[in-house]
Amino acid sequence: MPFGLMNAPATFQCLMNEVFQDMLRKSVFFFYDISVYSPTWSSHLQHLEAVLQLLKKHKLFAKLSKCSFGLTQVKYLGHTVSGQGVAVDASKVQAVLT
C-alpha cells in the first residue's frame, strides 16, 4: 500500500497487530519500525526467526538496507532503549538546554 494515502497508517497498524498478535509486548513492538527484543542472544535469534517467518507467511517484506541486527541499544522516538531500560536520548536533551 502506498504511504501517503489517508488510511494507510491505520491499515498498516491493523495488519501488524494481526500478524504479530502473539508476540506483541513479549518480544516485538512496532511503531513505523518492527523491533525485536529478547533477554538472551539465543532467545533473540529464535524471536527474530519467528518474526521473519511471520513476515514471509503473510507475504510481507523487510528491506535489508533498512534493517539492523544484533544491536544492544537503539534510538527510538527520542529515547535510547537498551537492556538497562529506556532513557531520554542525550542529544535531544542537549538541544533543549542550548
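Provided above is the structure to which this section pertains.
Note that the coordinates shown come from a computational prediction; the quantities given were computed from them, not determined experimentally. (Residues numbered from 1 in each chain as written. Predicted model: local features only at pLDDT ≥ 70, side-chain atom pairs only at ≥ 80, totals over all residues. Heavy atoms only, no water.)

Caption draft 1: Looking closely at the pairing of strand S3 (residues 73–76). Of the strand pairs in this sheet, S3 and strand S4 (residues 79–82) are connected by 4 bridges, and their pairing is antiparallel. Residue pairing in the sheet places Val74 in a bridge with Val81 of S4. The loop that links S3 with its antiparallel partner S4 comprises 2 residues; one of these, Leu77, has a positive phi angle of about 50°. (Pairing = 2+ DSSP bridges. Helix = DSSP H or I, 4+ residues; strand = E, 2+ residues; numbered from the N terminus.)

Caption draft 2: Local environment of a nonpolar patch on the surface. The grouping of Phe31, Tyr32 and Leu77 at the surface amounts to a nonpolar patch, some 380 Å² of accessible area in total. By the secondary structure assignment, Phe31 is in strand S1 (residues 28–31). (Patch = residues over 30% accessible without salt bridge, like charges linked within 9 Å, V, L, I, M, F, W, Y side chains within 5 Å. Areas by Shrake-Rupley, 256 points an atom, 1.4 Å probe, with all protein chains shown as cover. Salt bridge = Lys/Arg side-chain N within 4 Å of Asp/Glu carboxyl O.)

Caption draft 3: Spatial organisation of helix H1 (residues 8–19). Over its 12 residues, H1 extends 16 Å from the first C-alpha to the last, a length consistent with the 16 Å expected when each residue adds 1.5 Å. Buried residues of H1: Ala8, Met16 and Val19, and no others. Along the long axis of H1, the arc covered by the buried residues comes to 65°, so they all point the same way. Of the exposed residues in H1, the ones pointing more than 90 degrees away from its buried face are Ala10 and Glu18. (Expected span 1.5 Å × (residues − 1). Buried < 20%, exposed > 50% of the residue type's maximum accessible area, 1.4 Å probe, protein only. Arc of directions from axis to C-beta.)

Caption draft 4: Structural view of the pattern of salt bridges. Applying the stated criterion across every chain yields a total of 1 salt bridge. Note that Lys75 is salt-bridged to Asp89, the shortest N-O span being 3.5 Å. Taken as a pair, Lys75 in strand S3 and Asp89 in the loop between strand S5 (85–88) and helix H3 (90–97) lie far apart in primary sequence, 14 residues in all. On the basis of relative accessibility, which here comes to 5%, the residue Asp89 falls in the buried class.

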